[in-house]
Every structure is written in structure tokens, then in C-alpha cells.
Amino acid sequence: MPYKDPKIRRERERERHRRRTAERKEMGLCPKCGRRNPAPGRSLCEVCLDRGRKSEQARYIRRKAAGDPYGGRNPESRRRMARERTRKRRRERTEAGLCTRCGEVPPVNGSAVCETCRVERRAAERKLYAERRAGGRCGRCGAEVIDKASTCASCAARDSKRRPRKNAASRARYRDRRARRICVDCSADVHGASRCARCASRSWHSSGVHRGMPVHPPRYTVVELATGIEHGPLDSWEEVAMCLAFAKLSRDEVEVVEDICVTAKLTAAPW
């Protein structure tokens, strides 16, 4: 008999279920129970919807307690659906002229969120950054860092590409803080200066101008012992050798004075 084959039996059951569902929909009944009319705007009746919600909640709680992410659902599909819902909600709120975060009040000029949501988001970001840095991790992504750095290698590489660009919001924030005579970095009161002492020091030490005491390569001067004539300065021992060859002088007839940088002397390895 054909029903002894599991594949044929499953296909027959699916076909019977599809036929029964289509018949109930034509009659205007709930396709699941076939007893009541569907709820407004839904395909199932209110009883079947409530039963399904309770069953889904119980299953979610049970799988969540077992440690399964998203209640045992496929994480990739759940994340994709959440991103789609977020994009749709953000687009609808933007078109309506509302804050994309709370959707209740209009956003501030030049931004997508209102002032209240902006303050809350900044406070949450600062708290998360402080917790990550206190744990010795990257302040941006939470990954492990080397030598107590503030960011990991991946975030530092992204920041190096992103840093030269300034968006419109950053420029507007700079102009607003300059007009209010506060620090353009931390909003502290600076009495008219562009940055406070702490931010100015950090900006100076992180700029390309400040690199500490430079270490220059040594330079050489050839002095003739008999006449006191000086040849130089020369940049390498090769140039010293060429100078002696052109002047037809031997090594015993001259003194080579080495002008080495003080910083190089202090940082040189001991012999």
C-alpha cells in the first residue's frame, strides 16, 4: 500500500491539510479549527491566536532557560528580521518627522533623534565605554587589546580611515560649542578658549607635531691635524672615506669629529 511509504504518507497528509485549509478559507472560517470566524485583519480566530501565543511563550521560556539564544530559533534569521523591522520603523518615523529612537517628539535640528534620547544614548555609551576600559578591553567593540590600548587593532584601523572625514553633525557641533564659549571636545567651561587644558594637552600629544625630542642621525667633520682645515659636515662614514680620498689624506693625518644627537646618546644601548 502507498501509505506504508513514509514519504508518500507525508505528501498525502500535506495535500489533505492544504485542501482543508483552502476549503475553510472559502467558507470564511478559521483555517486552523474551522469553528469560528477569523479575527479582524488576521487569518486565524482569536482563540487559536491566543492558544498559539501562549504555546510560543512557554516554548520560548523553556528554551531560554536551557541557554538557547532567541528561544531556540535560528539566530541568523531572527537578527535579519530584527534589522528589517528596525529599518522599517526608522524609515516610518523619519518620514513622519519624529525621533527615530522614541518616535514621540520631533528631532533636534540636524539630527535624527530628540535631545532627551541623545542625552540617554550618550550616557549609556559612556557607561559601556568605562566598563570595557575598566576590564582592559577595547572601548568600541569589547575585544581584547594589547599593552592597555584604548582600542583593538581592527577598530584602530577603521578609525585611521575614518578620522580625516568630518560630517555635517560634527561641524555643526563644533560651531555650536564655539558660539557658547565652551570646550569643543568635552563641553567644559573654558572662558572663550577652544579647548580646556586636558583636551588641549591630549590633542597636542596625539597630533603629528608633537613627537618628543627628535633623534637625528650623527654627522662627521674631518679636521686636518697639520693645518686645522675642516671638511664637512658629512652624513656618513662613506662620505668621510670619499673626502679623504679626494683630499689625498691618510687616516693618521686627520681627526674625525662625530657630532651625535644628545637624544641618541641617551637612548643608545650600552656596549
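It should be emphasised that the depicted structure is a prediction, and the values quoted were computed from it without experimental measurement.

**Q** When you look at the packing of aromatic side chains in this model, what are you seeing that I'm missing?
**A** Aromatic ring pairs: the centre-centre distance and the angle between the two ring planes describe each pair. Across all of its chains, the model carries 1 aromatic pair by this definition. When the ring of Y220 is compared with that of W237, the centres are 4.9 Å apart and the planes differ by 45°; the resulting orientation is tilted. With Y220 in strand 1 (residues 219-224) and W237 in helix 8 (residues 237-247), this pair connects stretches of sequence that are 17 residues apart.

**Q** Looking at this structure, how should I read the pairing of strand 2 (residues 230-234)?
**A** The side chains of a regular strand alternate between both faces of the sheet. With 3 bridges joining them, strand 1 and strand 2 adopt antiparallel strand pairing. Each bridged residue has a counterpart across the sheet, and for Y220 the counterpart in strand 2 is L234.

**Q** How do you make sense of the sheet that holds strand 2 when you look at a structure like this?
**A** Hydrogen bonds between backbone atoms are what pair the strands of a sheet, whose relative direction is either parallel or antiparallel. Strand order in the open sheet formed by 3 strands is 2-1-3, and the pairing between neighbours is antiparallel. Among the strands making up the open sheet, the edge pair consists of strand 2 and strand 3 (254-259). Each strand of the sheet is rotated relative to its neighbour by a mean of 15°, with strand direction disregarded. Strand contacts of helix 8: strand 1, strand 2 and strand 3, with the helix running at about 20° to strand 1, the strand carrying the most contacts.

**Q** Please clarify how the pairing of strand 1 should be interpreted in this entry.
**A** The buried fraction of strand 1 amounts to 5 of the 6 residues, a majority that puts the element mostly inside the structure. Of the pairings in the sheet, the one linking strand 1 to strand 3 comprises 6 bridges and is antiparallel in character. The residue bridging R219 from the neighbouring strand is D259, located in strand 3. Adjacent in sequence and paired antiparallel, strand 1 and strand 2 are bridged by 5 residues, among which G228 carries a positive phi angle near 80°.

**Q** How should the pattern of salt bridges be read in this particular structure?
**A** Two side chains that carry opposite charge are able to pair once their charged atoms sit near each other. One pass over the structure, following the stated rule, counts 14 salt bridges. Put simply, E11 and R14 hold a salt bridge, and the shortest N to O gap is 3.8 Å. Linking E11 with R14, this pair stays in helix 1 (residues 6-26), spanning 3 residues, or about one helical turn. One salt bridge connects E56 with R73, and the closest N-O pair in it is separated by 2.9 Å. Placement of E56 in helix 2 (residues 46-65) and of R73 in the loop between helix 2 and helix 3 (75-95) is noted, with a sequence separation of 17 residues between them.

**Q** Can you walk me through the confidence of the model for the chain in this structure?
**A** The pLDDT averaged across the chain works out to 84; a share of 89% of its residues lies at or above 70. Here helix 9 (residues 262-267) stands out as the least confident element of the chain, with mean pLDDT 56; helix 3 is the most confident, with 92.

**Q** Looking at this model, I keep getting lost on the nonpolar core. Mind explaining?
**A** Within soluble globular proteins, side chains that are nonpolar tend to cluster in buried spots. Judged by nonpolar contacts, Y220, V222, L234, V240, C243, L244, L249, V254 and V256 together constitute the single largest core of 9 residues. Those elements giving two or more residues to this core turn out to be strand 1, helix 8 and strand 3. The element contributing the most residues to this core is helix 8, with 3 residues. Every residue in contact with L244, bar those within four places of it in the chain, is listed here: V222, L249, R251 and V254.

**Q** Would you mind showing me how to read the environment of P233 here?
**A** Considering the arrangement of structural elements, one finds P233 in strand 2. For P233 and V257, which are 24 residues apart along the polypeptide, the C-alpha to C-alpha distance reads 9.4 Å.

**Q** Is there a simple way to explain the environment of E144 in this structure?
**A** Here E144 is to be found in the loop between helix 4 (115-134) and helix 5 (153-162). Owing to a relative accessible area of 61%, E144 belongs among the exposed residues under this scheme. Remark: the alpha-carbon pair of E144 and R132, spanning 12 residues in sequence, is separated by 9.7 Å. What E144 contacts, discounting residues up to four positions off in sequence, is G136, R137 and C152.

**Q** Can you walk me through the side chain of R59 in this structure?
**A** Looking at where R59 falls in the secondary structure, it is placed in helix 2. In this structure the side chain of R59 is engaged in a polar contact, spanning 2.6 Å, whose partner is the backbone oxygen of G71. The residues contacting R59, other than those within four sequence positions of it, are G71 and R73.

Calculation criteria
- Residues numbered from 1 in each chain as written.
- Predicted model: local features only at pLDDT ≥ 70, side-chain atom pairs only at ≥ 80, totals over all residues.
- Heavy atoms only, no water.
- Phe/Tyr/Trp six-rings, centres within 6.5 Å; stacked < 30°, edge-to-face > 60°.
- Helix = DSSP H or I, 4+ residues; strand = E, 2+ residues; numbered from the N terminus.
- Pairing = 2+ DSSP bridges.
- Axes fitted to C-alpha atoms, helices over the stretch in contact; angles between N-to-C directions.
- Contact = heavy atoms within 4.5 Å.
- Buried < 20%, exposed > 50% of the residue type's maximum accessible area, 1.4 Å probe, protein only.
- Salt bridge = Lys/Arg side-chain N within 4 Å of Asp/Glu carboxyl O.
- pLDDT = per-residue confidence, 0-100.
- Core = buried A, V, L, I, M, F, W, Y, C linked by side-chain atoms within 4.5 Å.
- Polar contact = N/O pair within 3.5 Å; in protein donor to acceptor, adjacent residues only side chain to side chain.

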